Amino acid sequence: MALKRTTKSKLYRYIVYAVLIAIVVWAAVGTNWAKIGPLFFNPEIAAKMFPGIITTALVNTLWFTAVAFILGLVLGVILALLKMSSILPFRWIATAWIELFRGLPAILTIFAVAFILPIASGVPGKDLGGPVVLGLIGLILVASAYMAETIRAGIQAVPKGQTEAARSLGMSPMKTTFWIVVPQGFRIIIPPLTNEFVLLLKDTSLLFIAGTFIWSKELTNFARDAATQNSNATPLIMAAILYLIVTIPLTRFSAWLERRMARQR
């Protein structure tokens, strides 16, 4: 006798659940916790990392992320508008910028800004703000390229009727863009911008390539140095936990926004 579609679906789910539970149990029972514990979950080493891992590493990570996101967003809006401009050279400039910094790995961009820019400009790196500032500039360039495409997609998703209605009321093209089109476009792209913030949060770990000071270490750099000093991987696990504490609420918030936007549409 053939099973009903709903019965097959339930049976399939139960099988998947059973397999997943079996894998978790096998991993828990088969893991050598006596050996892993001291190497990766040493409470004494974890305790020594406080309060520095919070007051220095986490604070710096959030600060670098916020600065890169805000400035990248401003630059991204400008690039998105230039790419949609009717003036051809503006479109060329924006397209070249976006393709360049989206095509290069972020670590290479940060390296180029931190080391090649001072040599090319003839200005010492310390006069340009030092490694922290130069590394942040590289991260901002990368963020602006990715956010520009997101913003452009959001603006183009706004119905053309909104522009036509604003123009019929006598609004200039510039006012229509900045007061009607851009705000509506941002409502659409809030979830992907939240995801971009999460990506930037993790990309701050690449700033080490530019060089850092003790007071400017972010989570990954702070944890790596602590792991080297203690010959133990517990600091890296601590950093991973803090990343998750910050990123999981952000990703859940992004998912909630996506569902809310979908219901409104």
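A quick note: this is a predicted structure, and the numbers were derived from the prediction, not measured.

Participant: So what exactly am I meant to see when it comes to the nonpolar core here?
Facilitator: Note on soluble globular proteins: their nonpolar side chains tend to be buried together. Ala68, Phe69, Leu73, Met147, Ile151, Leu193 and Leu200 are the most contacted members of the largest nonpolar core, which has 30 residues in total. Looking at this core, the elements that each hand over two or more residues are helix H4 (52-83), helix H6 (106-121), helix H7 (130-156) and helix H9 (173-203). Looking at this core, the element that brings in the most residues is H7, giving 11 residues. Among all residues touching leucine 200, those that are not within four sequence positions of it are Thr65, Ala68, Phe69, Leu139 and Ala143. The next biggest cluster of nonpolar side chains, apart from the first, holds 13 residues, and it includes Ala46, Leu58, Phe222 and Val246.

Participant: Would you explain the packing of helix H8 (residues 160-168) against H9 in this entry?
Facilitator: How two helices pack is summed up by the angle between their axes together with the distance between the axes. Running from amino to carboxyl end, H8 crosses H9 at an angle of 145°, the nearest separation of the two axes being 10 Å. Of the two possible hands of crossing, H8 and H9 adopt the one that is right-handed. Between H8 and H9, the contacting residues are Gln162, Thr163, Ala166 and Arg167 on the first element and Pro173, Thr176, Ile180, Val181 and Gln184 on the second. Of the residues contributing to the contact of H8 with H9, the split by class is four nonpolar, four polar and one charged.

Participant: What is the right way to look at the pattern of salt bridges in this model?
Facilitator: A pair can form between side chains of opposite charge whenever their charged atoms are brought close. A complete count under the given rule lists four salt bridges for this structure. One salt bridge connects glutamate 149 with arginine 152, and the closest N-O pair in it is separated by 3.1 Å. Here glutamate 149 and its partner arginine 152 are both found in helix H7, three residues apart, which amounts to about one turn of the helix. As a salt-bridge pair, aspartate 225 and lysine 217 come within 2.5 Å of each other at their nearest N and O atoms. Under the relative-accessibility criterion, aspartate 225 is labelled partly exposed at 22%.

Participant: So what exactly am I meant to see when it comes to a nonpolar patch on the surface here?
Facilitator: A cluster of nonpolar residues, Leu11, Tyr12, Tyr14, Ile15, Val16, Tyr17, Val19, Leu20, Ile21, Ile23, Val25 and Val29, forms a patch on the protein surface that exposes about 1200 Å² of accessible area. As for its placement among the helices and strands, tyrosine 12 is situated in helix H1 (residues 5-30). Given the relative accessible area of 59%, tyrosine 12 is considered exposed.

Participant: Would you mind showing me how to read the packing of aromatic side chains here?
Facilitator: What characterises a pair of aromatic rings is the spacing of the ring centres plus the angle enclosed by the ring planes. In total, this model carries four aromatic pairs according to the counting rule given. Measuring from centroid to centroid gives 5.3 Å for tryptophan 97 and phenylalanine 101, while their planes differ by 65°, and the two rings are edge-to-face. Of this pair, tryptophan 97 and phenylalanine 101 both sit in helix H5 (residues 88-103), four residues apart, which is roughly one turn of that helix. Using a relative accessible area of 27% as the deciding quantity, one classes tryptophan 97 as partly exposed. Geometrically, the ring pair formed by phenylalanine 253 and tryptophan 256 is stacked, given 6.0 Å between the ring centres and 25° between the ring planes. In this pair, phenylalanine 253 and tryptophan 256 are both assigned in helix H11 (residues 234-264), three residues apart and thus about one turn of the helix distant.

Reading guide: rules and limits
- For every chain, the first residue of the written sequence is number 1, and numbering continues from 1 onward in sequence order.
- This being a predicted model, a pLDDT of at least 70 is required before a residue's local features are given, and a value of 80 or more before pairs of side-chain atoms are given or counted; all residues contribute to the totals for chains, interfaces and linings.
- Side-chain figures throughout are based on the complete set of non-hydrogen atoms in the structure, without hydrogens or water.
- We call a set of buried residues a nonpolar core when its members are Ala, Val, Leu, Ile, Met, Phe, Trp, Tyr or Cys and they connect through side-chain atoms within 4.5 Å of each other.
- Working definition: with a 1.4 Å probe on protein chains only, accessible area under 20% of the residue-type maximum means buried, over 50% means exposed, and in between means partly exposed.
- A run of H or I in DSSP counts as a helix once it spans at least four residues, and a run of E counts as a strand once it spans at least two, with each numbered from the N terminus.
- We call two residues contacting when some pair of their heavy atoms lies within 4.5 Å.
- Every axis in this analysis is a line fitted to C-alpha atoms, fitted for helices over the stretch in contact. Angles between the N-to-C directions lie between 0 and 180 degrees.
- Rotating anticlockwise by less than a right angle from the far helix to the near helix defines a left-handed crossing, while the corresponding clockwise rotation defines a right-handed one.
- When residue character is reported, Ala, Val, Leu, Ile, Met, Phe, Trp, Tyr, Cys and Pro are called nonpolar, Asp, Glu, Lys and Arg charged, and the others, Gly included, polar.
- Criterion for a salt bridge: a side-chain nitrogen of Lys or Arg within 4 Å of a carboxyl oxygen of Asp or Glu.
- Residues forming no salt bridge and having over 30% relative accessible area are the ones grouped into patches, like charges within 9 Å of each other and nonpolar side chains (Val, Leu, Ile, Met, Phe, Trp, Tyr) within 5 Å.
- Method for areas: the Shrake-Rupley scheme with a 1.4 Å probe, in which residue coverage is limited to the protein chains shown.
- Side-chain rings of Phe, Tyr and Trp (the six-membered ring for Trp) are treated as a pair once their centres are within 6.5 Å; stacked means planes under 30 degrees apart, edge-to-face means over 60, and tilted covers the remaining angles.

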